[in-house]
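Chain by chain, the residues run as shown.
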Amino acid sequence: MIPTKLDAWKKIDQHAQKLKEKQLSSLITPAHLDRFAKKFHHIYFDFSKHFFDEYLHNQFISLANDMNLKNAINSMFAGEMINKTEKRAVLHTALRQQNDTPVLVSGQNIIPLIKETDKKIEKFVNAVLSGQWQGVTGKPIKNIVNIGIGGSDLGPKMVVKALDDFRASLNSYFISNIDPFELDKLLKDIDLETTLFLVVSKSFTTQETLTNAQAIQQIYIEKFGKNSIAQHFATVSTRVQKALEFGIHPNNIFPMWDWVGGRYSLWSPAGISIALSVGYQHYEDLKKGAYLMDLHFKNTPLKDNIPALGAFISMLYNNFFGYETEAYLPYADKLKYFPDFLQQLIMESNGKSVSLNNEKVSWQTGNIIWGNIGTNAQHSFFQLLHQGTKKVPVTFIAEKENSTTHFPEHHLILLANMLAQSEALMKGEKNEVLYKNFEGNRPSSIILMDKITPQILGSLIAYFEHKTFVEAWLWQINAFDQFGVELGKKLAKQVLQDLINDNKKSAHDLSTQRLIEQIKLKNRS
Ligand code: F6P
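Just so you know, these numbers come straight off a predicted model, no measurement behind them.

## Describing the sheet that holds strand β10 (residues 325-330)
On the basis of which strands lie adjacent, the open sheet formed by six strands has the order β1-β2-β13-β12-β10-β11 and mixed pairing. Looking at strand neighbours, the two that pair on one side only are β1 (37-40) and β11 (368-370), the edges of this open sheet. Ignoring strand direction, the axes of neighbouring strands in this sheet form an average angle of 15°. Taken together, the six bridges between strand β12 (residues 394-399) and strand β13 (residues 444-449) define a ladder with parallel strand orientation. Residue pairing for β13: Ile397 is matched across the bridge by Ile447.

See below:
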């Protein structure tokens, strides 16, 4: 299927070019608001400030229908092998399913497996939180450290920070990078006797995670002996054997499955740091929220389907306006890691240039995703958003309710700034002095949650997952593999060997070879 050859694609293109010439604010009527500002449980999605109208929406729906989007959605939920390059089903949705309807993977119903694993997690979490689980010197656990990277870090870290108001008693730390500075600092901050390490790696081959875990394990063995590992280490992985060989106690190994993509890990046992940080019930509520969005995505006709609408709008700018980036700006410090999480979710999924038919695509695919929290970002990069030559569609995200009973005015100032920025981007302000002129006509969405609760956050995350899925399908790319990360990993192994050894025969280009020499010289002196 070649999307650009479809009639609807051409109609979208023609109409988009006309809409582009309009004043954004002139598009906003009560009917426009009814259609493009949607309420979903406790989240208000406002897509009204876009170069989008009923005709365009209908054409996108035609495009999606012509491309059998609904079938694609059903195939994902049904556990079909939609990740064809890796020959895997894609079933993060099964992990949050709130009923026992069977979901089959190669003929096996995975729901009982998920429920059984959930029970094991619940028991583990309760043992740690109640103080029943003790460290090697008999002290209860006070700190947990998640050792993982990419999806084994970004999702759980983002959620733990976002749910700060719901924290149980433990201090939570995340270590991802191989930069020794961070590890050193962490080890100064925590007390080994009261710390539990969670080694999270779907593949159990990730260099950064294993190297960090090994270094910490060694410290325990030297200080407290081999038996201490069982009290201070747990792991989540698809590779149970590798985890056992690594020295993790069998009772402390939680399974992962091939049918959960790395960037969807937070829904799997890889989200164990979430359950430990906010308690098991809140972790369940997070999944419930995602499930509600799953139901909406699966069952709602495209006209009212919120993730589909979000995807259409992103595609409009990406494919028909030539805008290459999108900014995500949470006006809530708790969502500090949300842009990082979205970067992996969207760019690792949709940064592809080969179609599902294994052909080079001739249309744009995944956008560049970036962002930071407001209002801080207003004082750094908003200048470019308002007056730069590049146009950047923006998504603002916030919670209505003040999450502390103190300083109510602060929260209103925060929200006032967000609304003002969105309005300013759209309306601009004429000034004859050019450098003071605001052209305006710059689009933005606002996602307004009643409050950042586990359930509402779950729905928000699932919204972005499904939006990303729709985009991938309409671009005809596989959102679920990530071969683009492999080459660098492979070369890093060779470079490391050459940094350590005196390898006279270099396999590197001259530039890299010279850099290797520089580092070697520094480490010799
Ligand atoms: O390098 C990319 C990646 O494979 C991600 O897709 C994944 O989330 C991350 O690395 C970590 O992988 P793992 O959980 O297997 O250690």
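## Focus on the domain arrangement of the protein
As assigned here, the protein comprises domain 1 (3-67 + 300-479), domain 2 (103-282) and domain 3 (486-524). Between the C-alpha centres of domain 1 and domain 2 there is a distance of 34 Å. In this assembly, 23 residues from domain 1 lie in contact with 18 residues from domain 2. Summed over the shared surface of domain 1 and domain 2, the number is three salt bridges. The closest approach of N and O atoms between Arg263 and Glu348, which form a salt bridge, is 2.9 Å. Viewed at the interface, domain 2 and domain 1 are joined by seven residue pairs in polar contact (both at pLDDT 80 or more). Counting residues per element, the side of domain 1 that touches domain 2 draws most heavily on helix α15 (residues 338-350), which supplies seven residues. Across the side of domain 1 that touches domain 2, the residue classes tally to ten nonpolar, five polar and eight charged.

## Quick word on the pairing of strand β7 (residues 195-200)
Counting buried positions over the six residues of β7 gives six, a clear majority of the element. The side-chain alternation of β7 yields two buried faces, one formed by Thr195, Phe197 and Val199 and the other by Leu196, Leu198 and Val200. For strand β5 (residues 143-147) and β7, the ladder comprises five bridges, and the chain directions are parallel. Residue pairing across strands places Ile147 opposite Val199, the latter belonging to β7. Here four bridges tie β7 to strand β8 (residues 233-237), and the two strands are oriented parallel to one another. Within β8, the position partnered with Val200 by the bridge is Val236.

## As for the side chain of Asn437
In this fold, Asn437 is placed in the loop between α17 (408-427) and β13. By relative accessible area, which is 15% here, Asn437 ends up buried. At a separation of 2.9 Å, a polar atom in the side chain of Asn437 contacts the main-chain amide nitrogen of Asn431.

## A look at the environment of Asp179
Inspection of the secondary structure assignment puts Asp179 in the loop between β6 (171-175) and α8 (180-189). Assessed through its relative accessible area of 38%, Asp179 is described here as partly exposed. Separated by 38 residues in sequence, Asp179 and Ile141 have C-alpha atoms that sit 26 Å apart. A polar atom in the side chain of Asp179 sits 3.0 Å from the backbone nitrogen of Phe181.

## Brief notes about the pattern of salt bridges
Applying the stated rule across the entire model yields 24 salt bridges. Here Lys427 and Glu423 are joined by a salt bridge, their closest N and O atoms 2.9 Å apart. Linking Lys427 with Glu423, this pair stays in helix α17, spanning four residues, or about one helical turn. For Glu423, a relative accessible area of 38% translates into the label partly exposed. As a salt-bridge pair, Arg442 and Glu439 come within 3.7 Å of each other at their nearest N and O atoms. Residue class for Arg442 comes out buried when judged on its relative accessible area of 4%. The network of salt bridges with shared partners includes Asp165, Lys334, Glu399 and Lys451.

## Considerations on the site of the ligand
As a structural note, the neighbourhood of the ligand is formed by 14 residues, with Gly151, Ser152, Ser201, Ser203 and Thr206 the closest of them. Measuring from an oxygen atom of the ligand, one finds a backbone N or O atom of Gly151 at 2.8 Å. Residue Ser203 places a side-chain N or O atom 2.6 Å away from an oxygen atom belonging to the ligand. Computed on the free molecule, the ligand has an accessible area of 400 Å², of which 88% lies beneath the protein chains in the complex.

## Points about the packing of aromatic side chains
According to the stated counting rule, one finds 30 aromatic pairs in the structure shown. With a centroid separation of 5.9 Å and an interplanar angle of 45°, the aromatic rings of Tyr264 and Phe480 are classed as tilted. One end of the pair, Tyr264, is in the loop between β9 (253-255) and α12 (272-278); the other, Phe480, is in the loop between α18 (454-475) and α19 (486-500), with 216 residues separating them in the sequence. Ring geometry for Phe469 and Phe480: centres 6.2 Å apart, planes at 40°, overall tilted. With Phe469 in helix α18 and Phe480 in the loop between α18 and α19, the pair connects residues that are eleven residues apart, well separated along the chain. Phe480 matches Phe469 in its accessibility class, with the two residues each being buried. A network of ring pairs unites the aromatic residues Phe45, Phe47, Tyr328, Phe338, Phe341, Tyr463 and Phe464 as a single cluster.

Calculation notes
The numbers attached to residues start from 1 for each chain and follow its sequence in the written order. Per-residue local features are limited, in this predicted model, to residues with pLDDT of at least 70; the limit for side-chain atom pairs, both in listing and counting, is 80 or more; totals at the level of whole chains, interfaces and linings are taken over all residues. The basis for every side-chain value is the complete set of heavy atoms in the structure, and neither hydrogens nor water enter the calculation. Here, any two strands with at least 2 DSSP bridges between them count as paired. Only runs of H or I of at least four residues qualify as helices and only runs of E of at least two qualify as strands under DSSP, and these elements are numbered from the N terminus. Only the stretch in contact is used when a helix axis is fitted, and all axes are lines through C-alpha atoms; the angle between N-to-C directions ranges over 0 to 180 degrees. The split into domains, and so the bounds of each, comes from an automatic or database assignment of domains. The criterion used for residue contact is that any of the two residues' heavy atoms lie within 4.5 Å. Salt bridge, as used here, is a side-chain nitrogen of Lys or Arg placed within 4 Å of a carboxyl oxygen of Asp or Glu. The definition of a polar contact used here is a pair of N or O atoms within 3.5 Å, where within protein one atom must be able to donate a hydrogen and the other to accept one, and adjacent residues in sequence count solely through side-chain atom pairs. Amino acids outside the nonpolar list (Ala, Val, Leu, Ile, Met, Phe, Trp, Tyr, Cys, Pro) and the charged list (Asp, Glu, Lys, Arg) are all regarded as polar, and Gly is one of them. The buried label applies to any residue whose accessible area, calculated with a 1.4 Å probe on protein chains only, is under 20% of its type's maximum; exposed applies above 50%, and partly exposed to all values in between. Throughout, the term near means that a residue has one or more heavy atoms lying within 4 Å of the molecule or strand in question. Per-residue and other accessible areas were derived by the Shrake-Rupley procedure at a 1.4 Å probe size, with only the shown protein chains allowed to occlude residues. Side-chain rings of Phe, Tyr and Trp, where Trp is taken by its six-membered ring, are said to pair if the distance between their centres is within 6.5 Å; with planes under 30 degrees apart they count as stacked, over 60 as edge-to-face, and otherwise as tilted.

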